[in-house]
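# Overview (structure and organization)
Below are the chains, spelled out letter by letter.
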Amino acid sequence: MKNSAKRLKRPWFSTLQLWAFRSVFRRPLETMLMATALTVSITCVGTLLLFPRAVNDTVDKLLEAAPDIILRQVDATGWKPLPIQRAMQAAKTVVGVVSVRPRVWGLVLGPEGPLTIFGVQQGVLPEAYRHHLTLSPDRGQAIVGPGVVSRQLTENLQLEGVHRDDFQVIARLPDETSMFTHDLVLLNILDARRLLGLADGYASDLAIDVFHESEQQAILSDLRAAFPWPVRCTTKRQSAGVYAGGLNRIGTLGAITVIPAVLAVCLLVTVSIRKSMGRQSDLGIMKAIGWSTGDIVRMRLYGELIVCLPAAAFGMSLSFLLVYWPGVNWMGRLFFGWQALPPILYLNPEGAVTVLLEVAGLILAPLIASALIPAVKAATVDAYELIEGAGGS
Amino acid sequence: MVKNYRQKDAEMRISPSASRENYDRLYPHGLLAIVLLSAAFVAVMTVLSIDTGQDSIDMTQTVIKHLGLSTAALFPSGHALRDPIYLNPAIDLRHGPNLPSIIYSPEEWMHGGFLNER
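This section reports on the structure supplied with the text. (Residues numbered from 1 in each chain as written. Chains lettered and ligands numbered in written order. Predicted model: local features only at pLDDT ≥ 70, side-chain atom pairs only at ≥ 80, totals over all residues. Heavy atoms only, no water.)

## Notes on the overall build of chain A
What chain A contains, in helices and strands, is 15 helices and 13 strands. Residue burial in chain A is summarised as follows: out of 393 residues, 52% are buried. Put simply, 79% of the contacts in chain A that link residues at least 6 apart link residues at least 24 apart. Accessible surface, chain A: about 18,100 Å² in total, of which carbon and sulfur atoms supply 59%. (Helix = DSSP H or I, 4+ residues; strand = E, 2+ residues; numbered from the N terminus. Buried < 20%, exposed > 50% of the residue type's maximum accessible area, 1.4 Å probe, protein only. Contact = heavy atoms within 4.5 Å. Areas by Shrake-Rupley, 256 points an atom, 1.4 Å probe, with all protein chains shown as cover.)

Structure below.
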């Protein structure tokens, strides 16, 4: 009894699915080519659409930790140093300002091009890099970002601003922070002042934090009015908007390169339709031996899914891998204008699956439909006509 | 079980061609392997990337917060898109060492405008 029950137990796959498997593998080369074309199309489209979005989302998330407002003094020649004491007093009179920090930073020439230097106070660094660095830069020492030098840490770094100075590189910032520190050089604040030509008591700008995010925009007019000289304020939201705009341009470039991929999908659909129409005699034979239209449609569907689903899975995985693999940097050279070492990206994968599923659906849907439509159209046609029609053509 | 189905399948053949016999077989195990490998690949990559991504974001946010950084280093230093404040319609605030300077002033010393004399 048990044996007969075992014999009657149906497997999880149906005969129809096995028949579809066999039908697909009767033309292995054709199947492989179709799967490869699909994988490449999904990988290209997915990567180009995913990359700008991933960078934008990650920068947005990282900017949450940035100061709410950056305030700089400007005049007709451009950026002007701020007197720290007077500027801080003025900023603190504005209701809603929680903290004000002067920053000393600017651009200098490094060995391989312009670099951003940042003056740090003693004692700030050990807290910031508690688990990564235990040193803070003393006079004549530098901590460099991942993209500054690829040489040994003991080598000197020559920086040229108002003066030309050599600095001993004592540590390298973690690769994981590259999106904000890639070409950053942390110096002792006195060295930074000397390189930038800033007098004591002056700073490059002020980093201001407000009590609530919604106050960023609201207190700008009060802030400007509180200073006796012209200032320019940039809020965190404005920064995020500018980055989003820049990345949108990259996204548009990506969309343009997607056009050939869409053409490739159109070609695949055409091939699929021609293939299905060319096998009308198969449909006729199936109908003649008693297959229902439902059976034929299901078999076609299984046949397409056997090829399309693994191809889509591989294509989506490759896209995901190319964009989100920890430490990926090849896109930086392509899109961000880096000539030498592009920034190392560690991107936030939230929402990636939705985009990839949309891309896969967009490419797979017409392909599967193109295989099914001839079978559905043949539902009302006589089996003899299908066989004869194929023979006639 | 698969064997039974193969047998039934073989019975349903109308006119098997001798030349196609090599291809006219079922490969359920191979297909299952393809599907399972694909699924495993996607799952492993997802878990790996999510885990690493969150760690690096936390670390970078700590650095940004303590140093007071406000600009992402996506574009090279001095690039117009590096710092949002550079995009001023009236005044060129890029401070790039390779940009031509208009006036030689202490303000330019700070941003490195004098370096274009090199």
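## Topic: helix H2 (residues 15-25) of chain A
Structural remark: α-helix, 3.6 residues per turn; residues separated by three or four positions point the same way. In terms of burial, H2 of chain A is a largely internal element, eight of the eleven residues being buried. Those residues of H2 of chain A that fall on the buried side of the exposure criterion are Leu 16, Gln 17, Leu 18, Trp 19, Ala 20, Phe 21, Arg 22 and Val 24 of chain A.

## Structural notes on the pattern of salt bridges
Residue and element names in this part refer to chain A. For the structure shown, the criterion picks out nine salt bridges over all chains. The partner of Lys 236 in a salt bridge is Asp 68, and the shortest N-O contact between them spans 3.1 Å. Separated by 168 residues along the polypeptide, Lys 236 in helix H10 (residues 236-277) and Asp 68 in the loop between helix H3 (28-63) and strand S1 (69-75) bring together distant segments of the chain. Of the charged contacts in the structure, one is a salt bridge between Arg 103 and Asp 205, with a shortest N-O distance of 2.9 Å. Taken together, the residues Arg 103 in strand S4 (residues 97-103) and Asp 205 in strand S12 (residues 205-210) connect sequence positions 102 residues apart. You'll find Arg 103 and Asp 205 in the same group, each marked buried. (Salt bridge = Lys/Arg side-chain N within 4 Å of Asp/Glu carboxyl O.)

## Observations regarding the pairing of strand S8 (residues 156-160) of chain A
All names here are of chain A. Pairing of S8 with strand S9 (residues 164-172) involves five bridges; the strand directions are antiparallel. Bridging from a neighbouring strand, Glu 160 pairs with Arg 164 of S9. Linking S8 to S9, which pair antiparallel, is a turn of three residues. (Pairing = 2+ DSSP bridges.)

## Focus on the environment of Asn 156 of chain A
All names here are of chain A. In this fold, Asn 156 is placed in strand S8. Judged by its relative accessible area of 46%, Asn 156 falls in the partly exposed class. When the C-alpha positions of Asn 156 and Arg 298 are compared, they lie 70 Å apart, and in sequence the two are 142 residues distant. Sequence-distant contacts of Asn 156, defined by excluding residues within four places in its chain, comprise Asp 166, Phe 167 and Gln 168.

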